Amino acid sequence: MNLAQYGQGINDDLDAWIDFNRKEAFDTPNGLDNVAPFPPKELIENTSGLTRQDHFASHGCDILQALSLASPKPLASFSDILDFGVGVGRLARLFKGFRGKYTGVDIDARHVAWVAENLDHVNAIITTPRKAFPFAGKRFDCVISISVFTHMNENDQFFYLKELASITRPGAILMLTVHGERALHRAENEPDIFKMLAIPARSVKTTRQLFANEGFSFILQNGHLTTSEYEYGITFTSEAYIRRTWNQYFDVLQVASGAIHDFQDIVVLRSR
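The notes below deal with the structure included here.

Parameters and conventions
Residues numbered from 1 in each chain as written. Predicted model: local features only at pLDDT ≥ 70, side-chain atom pairs only at ≥ 80, totals over all residues. Heavy atoms only, no water. Helix = DSSP H or I, 4+ residues; strand = E, 2+ residues; numbered from the N terminus. Expected span 1.5 Å × (residues − 1). Contact = heavy atoms within 4.5 Å. Polar contact = N/O pair within 3.5 Å; in protein donor to acceptor, adjacent residues only side chain to side chain. Axes fitted to C-alpha atoms, helices over the stretch in contact; angles between N-to-C directions. Parallel < 35°, antiparallel > 145°, perpendicular 65-115°, else oblique. Nonpolar A, V, L, I, M, F, W, Y, C, P; charged D, E, K, R; others polar. Buried < 20%, exposed > 50% of the residue type's maximum accessible area, 1.4 Å probe, protein only. Lys, Arg positive; Asp, Glu negative; His and termini not counted. Salt bridge = Lys/Arg side-chain N within 4 Å of Asp/Glu carboxyl O. Core = buried A, V, L, I, M, F, W, Y, C linked by side-chain atoms within 4.5 Å. Arc of directions from axis to C-beta.

### So, helix H1 (residues 14–27)
With 14 residues, H1 should cover 20 Å at 1.5 Å per step; its first-to-last C-alpha distance of 19 Å lies within 8% of that length. Among the structural elements, helix H3 (53–70) are those in contact with the buried residues of H1. The opening residue of H1 is aspartate 13, an N-cap whose side-chain oxygen sits 3.3 Å from the backbone nitrogen of aspartate 15.

### Here we look at the packing of H1 against H3
With their axes 9 Å apart at the nearest point, H1 and H3 run at an angle of 170° to one another. Classified by the angle between their axes, H1 and H3 sit roughly antiparallel to one another. Where H1 abuts H3, its residues Leu14, Asp15, Ile18, Asn21, Arg22 and Phe26 lie against Gln53, Asp54, Ala57, Ser58, Cys61, Asp62, Leu64, Gln65 and Ser68. Residue composition of the contact of H1 with H3, by class: 6 nonpolar, 5 polar and 4 charged.

### Quick word on the side chain of aspartate 141
With respect to the helices, strands and loops of the structure, aspartate 141 is situated in strand S4 (residues 140–145). Salt bridges are absent for the buried aspartate 141, whose nearest opposite-charge side chain, arginine 169, sits at 4.1 Å. In terms of polar contacts, aspartate 141 uses its side chain to reach the backbone amide nitrogen of aspartate 80, at 2.8 Å.

### Some remarks on the nonpolar core
Considering soluble globular proteins, one finds that nonpolar side chains tend to be buried as a cluster. One finds Leu64, Leu67, Leu91, Phe95, Ile144, Met175 and Ile266 to be the most contacted residues of the largest nonpolar core, which totals 46 residues. Elements with a contribution of two residues or more to this core: H1, helix H2 (41–48), H3, helix H4 (109–118), S4, strand S5 (168–179), strand S8 (250–260) and strand S9 (264–271). Considering every element that reaches this core, the biggest residue donor is H3, with 8 residues. Excluding its chain neighbours within four sequence positions, the residues that come into contact with leucine 67 are Leu75, Leu91, Ile144, Ile146, Met175 and Ile266. Listed in part, the 31 residues of the second largest apolar core include Leu82, Met152, Phe216 and Phe250.

### Observations regarding the pattern of salt bridges
Scanning all chains against the criterion turns up 14 salt bridges. A salt bridge links aspartate 54 to arginine 52; the shortest N-O distance between them is 2.5 Å. The salt bridge involving arginine 186 is made with aspartate 262; its shortest N-O contact spans 4.0 Å. Residue arginine 186 is located in helix H6 (residues 181–189), and its partner aspartate 262 is located in the loop between S8 and S9; the two are separated by 76 residues in the primary sequence. Under the relative-accessibility criterion, arginine 186 is labelled buried at 14%. Judged by its relative accessible area of 36%, aspartate 262 is partly exposed. Among the ionic contacts, a cluster of salt bridges with common partners joins Arg182, Arg186, Glu190 and Asp262.

### Observations concerning the side chain of glutamate 163
One can find glutamate 163 in helix H5 (residues 154–167). Here glutamate 163 sits buried without a salt bridge, and the closest side chain of opposite charge, lysine 162, lies 7.1 Å off (N-O distance).

### Looking at H4
For an α-helix, 3.6 residues make a turn, and residues three or four places apart therefore share a direction. Taken together, the buried positions of H4 are occupied by His111, Val112, Trp114 and Val115. Seen along its axis, H4 keeps its buried residues to an arc of 165°; they face one direction. Against the buried residues of H4 lie H2, strand S2 (101–106) and strand S3 (123–126).

### A look at the environment of leucine 64
Along the chain, leucine 64 falls in helix H3. Separated by 26 residues in sequence, leucine 64 and arginine 90 place their C-alpha atoms 9.6 Å apart. Not counting chain neighbours up to four residues away, the residues in contact with leucine 64 comprise Ile10, Leu14, Ile18, Leu75, Leu91, Leu94 and Phe95.

Laid out in structure tokens, this is it:
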């Protein structure tokens, strides 16, 4: 195998790059030298619930593939990407070799510190909950946010939609994930999914009722991620709600139901 063919990373054939990161890098001698570094096990588990590098890589590949299918243009062709909620680079790792600017923001200092030190292609910046992003002007032509709006209350959701509108160029593409109808249906019918979400059974019933009317449901989780500065929980957002309320900030191009792991929807927006 000619490992040199993967030297351009995200700029190479995307399917081949995904396949290499998902499996071949682990099966080929010195293969891991050609992919981005992995975070320590503790940080992998903290951000994804996973423990193995190959599983972490595979999850990132699944997300990249889903985003590629949803995006109106090739991901490598964007010039200035914001990864809102970069974590420890589950997705950002796969943008190795990106020729534009790739900025990752997160509210967890541990995550930002690891990304800043280990992923050379990422400009990692720590942000503060409910505070404006530290960017001037309409800069970004792409925003990706995985598993962030899936955990926000309604006020925070609108705060960050407004912030994203203020820092994206006209015509920019945003791909934000939510728990929509597919996630709710699986929570109602699959015990393993319901257990993973760690929410009361009555809240699922309430959410189903809300989907028929308001279309938004936030279930507060009083755990280590909920603080005096920020409420963290499980959020369900219907497509009808998105098309009715998010269009005050962006054009809603598509809601790709269950696009990631047959669970999270990808909402594709265009900035004005």
